[in-house]
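# Understanding the architecture of this molecule
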Amino acid sequence: MPLFYDLYGMSWQYLHADRIFPVASDPVRDGILVVDVAGKIDALIDPAHSPEDHHAVLLREDIRKVKGALVPGFINSHCHLELSHLKEKIAQGTGLPGFLKSVTTQRQADRELIRQAMMDANKEMEKGGIIAVGDISNTSDSITIKQGSTIRYHTFIEAFDLHPDYAEERFKSALELEAEFISSGLTASIVPHATYTVSDSLFRLIKEHAGHAGMPICIHNQETEDEDDLFMTGEGELARFLFATGKYSHWNPTGQSALRSTLPMLPVSTKLLLVHNTFSQSSDIQFAMNAVPDLWWCLCPAANAYIESSFPPLEKLIQHRSNIVLGTDSLASNTALSVLHEMKIVHQYHPELTFNQILKWVTLSPAEFFGWNNQFGSFEKGKTPGVIQLIDEKSDHGEDYFNATEISRLF
Ligand SMILES: [Zn+2]
């Protein structure tokens, strides 16, 4: 690879691409991205703004012409590496209760098989241009894979148990697991699983801890219509499934939606990510935004299609000017761990949204949520965001790259 060593001994690479998406500013046609050998962004030369610089750099012998588009590395805001071995094991379109039942019964498997599936999933994400992931874990199984990965992981240690008598015990286990991740050089935070699987006592412990730790947290929210029925009336398929487990004798409907019932239990001093929100109503969105100052909404469109055959209320979230990010969820409820595929599904439902708009939800927005925006999320001077090349063989000069046939990480 040709390199230019300037007078100061620094070596730079000049990447000349058909289209560059800096994300923090408008896309640039025919631009040149200047990066150092470690992938740190030095400049983006836009021929429309700096024609002379652009012309001078174009004359360099060491300029590297790259096909297609350059985008910052993708961030997958919601994944469960631990469920990777359930790929193609769970039937599609069963609804959440059917899905939960299948995951519970099939989750146990040979440890080596689980480990291999996680390794494959990690590799798939690396190849797909993903440079950072928010990953839910219930065990320490993923630690070595995360340590050896080029992907930066933040692990959400998931705690759940509806019986208040077990709150202390469950929380203690979560604390131990969190410590194990942190002592392995990884970041982690303890989070409640979902609106309907955590007792008030366990919620309290998690909230108190999150307040001290100051790390981002998340919770699965309104993934099925039955979730609201459960809280409103104690009826519906999810209620029947949960009550049949015999663990819900302490539980009573609140007469309010799942989100309204749960929000008071969640910390407001840290960043909160609500995951799925497939059936969140406009009134819930407004209520939540008033209640939580640093609120984020994660959509997992492919998983919603897989489990519930539905699509989240994106239009309402945009109307409310919500902070939006995207996630793949796990291979138990998705056919691939591809952020680009999630973007494509969003665009199929909302063709009025541009590639650049949706790109923000998998780059700069999640970088802000996870507190990584000094490093990731955009082509801005001083950042090392990963440089991803997208090639669309069918249309090299298009406005969008949803159908990119090749994804390569250049830095
Ligand atoms: Zn999930």
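Now for a quick tour of the structure. (Residues numbered from 1 in each chain as written. Predicted model: local features only at pLDDT ≥ 70, side-chain atom pairs only at ≥ 80, totals over all residues. Heavy atoms only, no water.)

The helix and strand inventory of the chain stands at 15 helices and 16 strands. Since a compact globule built from 411 residues should have a radius of gyration of about 22 Å, the 22 Å found for the chain is in line with a globular shape. Residues counted as buried form 57% of the 411 residues belonging to the chain. Look at the contacts in the chain between residues 6 or more apart in sequence, and 69% of them connect residues 24 or more apart. As presented, the chain carries roughly 17500 Å² of accessible surface, and 50% of it is formed by carbon and sulfur atoms. (Helix = DSSP H or I, 4+ residues; strand = E, 2+ residues; numbered from the N terminus. Rg over C-alpha atoms; globule rule 2.2 N^0.38 Å. Buried < 20%, exposed > 50% of the residue type's maximum accessible area, 1.4 Å probe, protein only. Contact = heavy atoms within 4.5 Å. Areas by Shrake-Rupley, 256 points an atom, 1.4 Å probe, with all protein chains shown as cover.)

All right, on to the sheet that holds strand β9 (residues 152-159) then. Hydrogen bonds along the backbone pair up the strands of a sheet, which may run parallel or antiparallel. Across the sheet, 4 strands lie side by side as β7-β8-β9-β10; this open sheet has parallel pairing. The sheet is open, and its two edges are formed by β7 (74-79) and β10 (187-192), each paired on a single side. Pairs of neighbouring strands in the sheet enclose a mean axial angle of 20°, with direction left out of account. Both strand β8 (residues 130-137) and β9 contribute to a ladder of 6 bridges, which runs parallel. Residue pairing in the sheet places A132 in a bridge with R152 of β9. Sheet contacts for helix α3 (residues 111-127): β7, β8 and β9; angle to β8, the most-contacted strand, approximately 150°. Here helix α5 (residues 167-183) sits on the sheet and contacts β8, β9 and β10; the angle it forms with β10, its principal contact strand, is near 160°. (Pairing = 2+ DSSP bridges. Axes fitted to C-alpha atoms, helices over the stretch in contact; angles between N-to-C directions.)

Here we come to the coordination of the zinc ion. With distances of 2.1 to 2.2 Å, the protein atoms coordinating the zinc ion are H78 (NE2), H80 (NE2) and H220 (NE2). Sequence spacing among the residues donating to the zinc ion works out to H-x1-H-x139-H. Residue classification places H78 among the buried residues on the basis of a relative accessible area of 1%. (Donors = N, O, S within 2.8 Å, 3.2 Å for Na, K, Ca; no water.)

Here we have 4 strands laid out as an open sheet, ordered β11-β12-β13-β14, and parallel in their pairing. A strand with exactly one partner marks an edge of an open sheet, and here the two such strands are β11 (217-221) and β14 (323-326). For this sheet, the mean inter-axis angle between neighbouring strands, taken without regard to orientation, is 30°. Two elements, strand β13 (residues 295-299) and β14, share 4 bridges in a ladder whose sense is parallel. Paired with W297 across the bridge in β14 is I324.

Judged by nonpolar contacts, the single largest core of 90 residues is most densely connected at F74, M125, L272, M343, F355 and L359. What L272 contacts, discounting residues up to four positions off in sequence, is I217, C218, I219, L263, L266, V292, D294, L295, W296 and F369. Core analysis: the next-biggest nonpolar cluster, separate from the first, contains 22 residues, A194, W251, A258 and I307 among them. (Core = buried A, V, L, I, M, F, W, Y, C linked by side-chain atoms within 4.5 Å.)

With that settled, the discussion passes to the environment of T278. Position of T278 among the secondary structure elements: in the loop between β12 (272-276) and α10 (282-291). For the pair formed by T278 and F311, sequence separation is 33 residues and the distance between their alpha carbons is 6.2 Å. If sequence neighbours within four positions are ignored, T278 has contacts with N221, Q222, E223, N304, S310, F311, P312 and P313. Polar side-chain contacts of T278 include one of 3.3 Å to the side chain of N304. (Polar contact = N/O pair within 3.5 Å; in protein donor to acceptor, adjacent residues only side chain to side chain.)

This next bit is on the pattern of salt bridges. Proximity of charged atoms lets side chains of opposite charge pair with each other. Applying the stated criterion across every chain, the model contains 14 salt bridges. Between K146 and D135 there is a salt bridge, with the nearest N and O atoms lying 2.9 Å from each other. In this pair, K146 sits in helix α4 (residues 143-147) while D135 sits in strand β8, placing the two residues 11 residues apart along the sequence. Across the pair, exposure class does not vary: K146 and D135 are buried alike. One salt bridge connects K383 with E380, and the closest N-O pair in it is separated by 3.2 Å. It is possible to trace a salt-bridge network through shared partners that takes in D161, E169 and R170. (Salt bridge = Lys/Arg side-chain N within 4 Å of Asp/Glu carboxyl O.)

As for its position among the elements, I130 is in strand β8. Residue class for I130 comes out buried when judged on its relative accessible area of 1%. Apart from residues no more than four positions distant in its own chain, I130 is found in contact with F74, N76, M125, I151, L337 and V339.

On to the side chain of D18, then. If you trace the backbone, D18 turns up in strand β2 (residues 11-20). Separated by 3.1 Å, the side chains of D18 and K65 make a polar contact. A polar contact is formed between the side chain of D18 and the backbone nitrogen of G68, at a distance of 2.9 Å.

Take the packing of α5 against helix α6 (residues 200-213) next. Two measures define how a pair of helices packs: the angle their axes make with one another and the distance between the axes. The geometry of α5 relative to α6 is characterised by a closest axis approach of 8 Å and an angle of 35° between their N-to-C directions. Where α5 crosses over α6, the handedness of that crossing is right-handed. Only S201, L202, L205, I206 and H209 of α6 make contact with α5, whose side of the interface consists of A167, E168, R170, F171, L175 and E178. Among the residues making up the contact of α5 with α6, the classes are represented as 6 nonpolar, 2 polar and 3 charged. (Left-handed = near helix turned anticlockwise from the far one by under 90°. Nonpolar A, V, L, I, M, F, W, Y, C, P; charged D, E, K, R; others polar.)

Here we come to the pairing of β12. The element β12 is largely enclosed, with a buried count of 5 among its 5 residues. Relative to β13, β12 is paired through 4 bridges, and the arrangement is parallel. Bridge pairing in β13 places L272 opposite L295. Each parallel crossover has a hand, and the one from β12 via α10 to β13 is right-handed. (Right-handed = clockwise from strand over helix to strand, strands pointing away.)

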